[in-house]
Amino acid sequence: MRYFSFFFLVCFSSMAFGSDFQIRISGRFPGAEGQLVRLMEYNDLISFREKEVAAAQVDEQGHFSFTFSRFQPRFMFFRIDHARMGFFVEPGKDYFFEFDPVAFFQLDDSRNPYLDPWYFRFNLSGTGAELNHQIDAFEDMLNEFVLENFRLIHSGRNRNLLLEFRQQTDSIFGEIDNEFFREYYEYKYAYYNRIGSVERIPDQMRRYVLNRPVLYHNTQYMNFFHVAFDQYLVSGSRSITIWDLRHTINELNSYHALMDSLGKDTLLRNEVIRELVMLKGLQDLHSNPDYRRSHVEDILSYVAYNSKFPEHRTIAENILFSKRHLAPGQPAPSFSSKNQQGELLNIPEDFNGKFVFIGFWATWCETCLMEFAALQPIYQKHKDDFVFIHISTDRHRNRYEAFVAAGAVPGIHLHYNGDFRMLDAYRIRSMPTYVILDEHGRVLDYPARRPSDGLMVFFDWLMFQKQRQSRP
């Protein structure tokens, strides 16, 4: 009986624990039937690496739903088509999203979704709606004030202006008993105090950072952190010299030496803050030609495997992923798609042994069409050594099919078919975008040069190198 009671207690506790942290999201989106709704979050707020939490297809009645667990409030966002809509979630809450009707098949395909992204409006209800409504009300009030007084705030010429306005918002929002909101509210003002020079920097650090917990998933805490430590290693600290940075990174290649060097700054005596500032700095230094990239990655790898702080291990791993993804020599993201004949192609696996040139384009993109003309002579010269793959991102497939039927552009033609995961994997942010893969399916060049911008010379050089390596 004792063992049964213990087993029952453990199971009951586990069920209660899971229920306490479960989050339920559902919604109705008229006109979006068949569309994929992806629920996303940032894995951390330093690298901003996106993570897909769940995905669901809008059913015939326009409904979708997710259930998952989180242990603390988080910012999340929907990815639907090219649009993204953000909101906050809390453990144990439920959310219902009522979207305004949208006829997806009638959306204007000539509108560049990368320069002018879509946003689908919604009303939010449910037990989790209150926090979002509170934040929205606060943001609306603050944004109106900032727009009217930005120059005075930014110049620091009227320090009392922001303090007086806070007294007004305190009377409205000061009694809200929600820890996440209180922290969000406090660090939103800390952010504007920082850019408005309301307080001395050391005073701000003592008040908002030192001896206080790091709020890794509070967007306003991390916004304040970013503005407080922007370029801090190279220009923000009087105690950290450029010589120290170059010596510890380029010569010593040492995590411990770098941490000791940063410790000279009294504001970085706190080990948690010091390592977090170091991670932010290394993320910036990775692309700085004055620092050895391989050494920067070595130190990040050390943190990813050895840091005492789990959040920092995650951040370091995400920074490394972001910097290495699609870098030369890295495996190209795999995807499958059917060609015009209905054959399923697996890319890059089906083309092992050949160089692959992939172009992402759309019929509404005039530059894309001009680049097709420049590609013709390159194709004629190198069609035996390269596979040319053209992936259309046209929303209306009939336009893509009509263009391909004209036969003006040789090569393999594919349609993205609503596969936004594939577009994300190749970091498609503009049109056209090109990528070149080597004979083993690894990234050779990304983003690759355009056909009109020396691509022929680059292909010729690749073939010369190949012939040179094949000589006995």
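Residues numbered from 1 in each chain as written. Predicted model: local features only at pLDDT ≥ 70, side-chain atom pairs only at ≥ 80, totals over all residues. Heavy atoms only, no water.

Caption draft 1: View of the packing of helix α4 (residues 179-195) against helix α6 (residues 219-228). For the pair α4 and α6, interaxial distance at closest approach is 7 Å and the crossing angle is 20 degrees. With respect to α6, the element α4 is oriented roughly parallel. Between α4 and α6 the crossing geometry is left-handed. Here Tyr184, Tyr187, Lys188, Ala190, Tyr191, Arg194 and Ile195 of α4 come into contact with α6, specifically with Thr219, Gln220, Tyr221, Asn223, Phe224, Val227 and Ala228. Classifying every residue of the contact of α4 with α6 by side-chain character gives 9 nonpolar, 3 polar and 2 charged. (Axes fitted to C-alpha atoms, helices over the stretch in contact; angles between N-to-C directions. Helix = DSSP H or I, 4+ residues; strand = E, 2+ residues; numbered from the N terminus. Parallel < 35°, antiparallel > 145°, perpendicular 65-115°, else oblique. Left-handed = near helix turned anticlockwise from the far one by under 90°. Contact = heavy atoms within 4.5 Å. Nonpolar A, V, L, I, M, F, W, Y, C, P; charged D, E, K, R; others polar.)

Caption draft 2: Structural context of a negative patch on the surface. Together, Asp136, Asp140, Glu144 and Glu148 make up a negatively charged patch on the protein surface. Note on placement: Glu144 falls in helix α2 (residues 129-155). (Patch = residues over 30% accessible without salt bridge, like charges linked within 9 Å, V, L, I, M, F, W, Y side chains within 5 Å. Areas by Shrake-Rupley, 256 points an atom, 1.4 Å probe, with all protein chains shown as cover. Salt bridge = Lys/Arg side-chain N within 4 Å of Asp/Glu carboxyl O. Lys, Arg positive; Asp, Glu negative; His and termini not counted. Charge placed at Lys NZ, Arg CZ, Asp CG, Glu CD.)

Caption draft 3: Structural view of unusual backbone geometry. For the bond from Ile347 to Pro348, the omega torsion is 5 degrees, close enough to zero to count as cis. With respect to the helices, strands and loops of the structure, Pro348 is situated in the loop between β10 (344-347) and β11 (355-361). A cis amide bond links Tyr446 to the next residue, Pro447, at an omega of -15 degrees. You can see Pro447 is positioned in the loop between β15 (443-445) and α16 (455-470). Within the chain, Gln231 stands out as a residue other than glycine whose phi angle is a positive 55 degrees. Inspection of the secondary structure puts Gln231 in the loop between α6 and α7 (232-236).

Caption draft 4: Structural context of the pattern of salt bridges. Taken as a whole and assessed by the stated rule, the structure comprises 27 salt bridges. A salt bridge links Asp424 to Arg79, with the nearest nitrogen and oxygen atoms 3.0 Å apart. With Asp424 in helix α15 (residues 420-425) and Arg79 in strand β5 (residues 74-80), this pair connects stretches of sequence that are 345 residues apart. By relative accessible area, which is 8% here, Arg79 ends up buried. As a salt-bridge pair, Arg246 and Asp290 come within 3.3 Å of each other at their nearest N and O atoms. Pair noted here: Arg246 is in helix α8 (residues 242-251) and Asp290 is in the loop between α10 (271-285) and α11 (293-306), with a separation of 44 residues, a long-range link. Classification of Arg246 by relative accessible area gives partly exposed; the value is 37%. (Buried < 20%, exposed > 50% of the residue type's maximum accessible area, 1.4 Å probe, protein only.)

Caption draft 5: Up close: the sheet that holds strand β6 (residues 83-89). With antiparallel pairing, 4 strands are arranged side by side in an open sheet as β3-β2-β5-β6. For this open sheet the edge positions go to β3 (50-57) and β6, each flanked by a neighbour on one side alone. Pairs of neighbouring strands in the sheet enclose a mean axial angle of 25 degrees, with direction left out of account. Note: strand β2 (residues 36-42) against β3, 7 bridges, orientation antiparallel. Along β3, the bridge assignment pairs Glu41 with Lys51. (Pairing = 2+ DSSP bridges.)

Caption draft 6: Representation of the environment of Glu90. With respect to the helices and strands, the residue Glu90 is situated in the loop between β6 and β7 (94-99). Residue Glu90 is classed as buried on the basis of its relative accessible area of 10%. Each C-alpha atom, one on Glu90 and one on Arg70, is 7.6 Å from the other, the two residues being 20 residues apart in sequence. Setting aside anything within four residues of it in sequence, one finds Glu90 in contact with Ile23, Pro73, Tyr95, Leu131 and Asn178.

Caption draft 7: Representation of the packing of helix α13 (residues 366-382) against α16 in the model. Contact geometry of α13 with α16 gives a least axis separation of 10 Å together with a crossing angle of 15 degrees. Considering their axes alone, α13 and α16 lie roughly parallel with respect to each other. Read as a crossing pair, α13 and α16 show a hand that is right-handed. Together, Leu375, Pro377, Ile378, Lys381 and His382 of α13 and Leu455, Met456, Phe459, Asp460 and Met463 of α16 make up the contact between the two elements. Tallied by class, residues from the contact of α13 with α16 come to 7 nonpolar, 1 polar and 2 charged.

Caption draft 8: Representation of the side chain of Asn318 in the model. Relative to the assigned elements, Asn318 resides in helix α12 (residues 310-324). Here the side chain of Asn318 touches Asp44 through a polar contact of 2.7 Å, side chain to side chain. Those residues within four positions of Asn318 in sequence are excluded, and the remaining contacts are Asn43, Asp44, Ser47 and Arg49. (Polar contact = N/O pair within 3.5 Å; in protein donor to acceptor, adjacent residues only side chain to side chain.)

Caption draft 9: Structural view of helix α9 (residues 255-262). The buried fraction of α9 is high, at 6 of 8 residues. Among all positions in α9, only Tyr255, Ala257, Leu258, Met259, Ser261 and Leu262 are buried. Lining the buried residues of α9 we find α7, α8, α10 and α11. At the N-terminal end of α9, a side-chain oxygen is found 3.4 Å from the backbone nitrogen of His256, two or three residues along, and the residue is Ser254.

Caption draft 10: Quick look at the sheet that holds strand β1 (residues 22-28). The sheet built from 4 strands is open, its strands ordered β4-β1-β7-β8 with mixed pairing. Whereas interior strands pair on both sides, the edge strands pair on one side only; in this sheet they are β4 (63-69) and β8 (122-125). Averaged over all neighbouring strand pairs, the angle between strand axes comes to 15 degrees, with direction disregarded. Two strands pair when backbone bridges link them, and β7 and β8 are joined in this way by 4 bridges, in the antiparallel orientation. When the bridges of β8 are listed, Phe96 appears paired with Ser125.

Caption draft 11: Up close: helix α5 (residues 201-208). Among the residues of α5, those classed as buried are Gln204, Met205 and Tyr208. In a view along the axis of α5, the buried residues occupy a sector of 100 degrees, so they form one face of it. Buried residues in α5 make contact with α4 and α6. (Arc of directions from axis to C-beta.)

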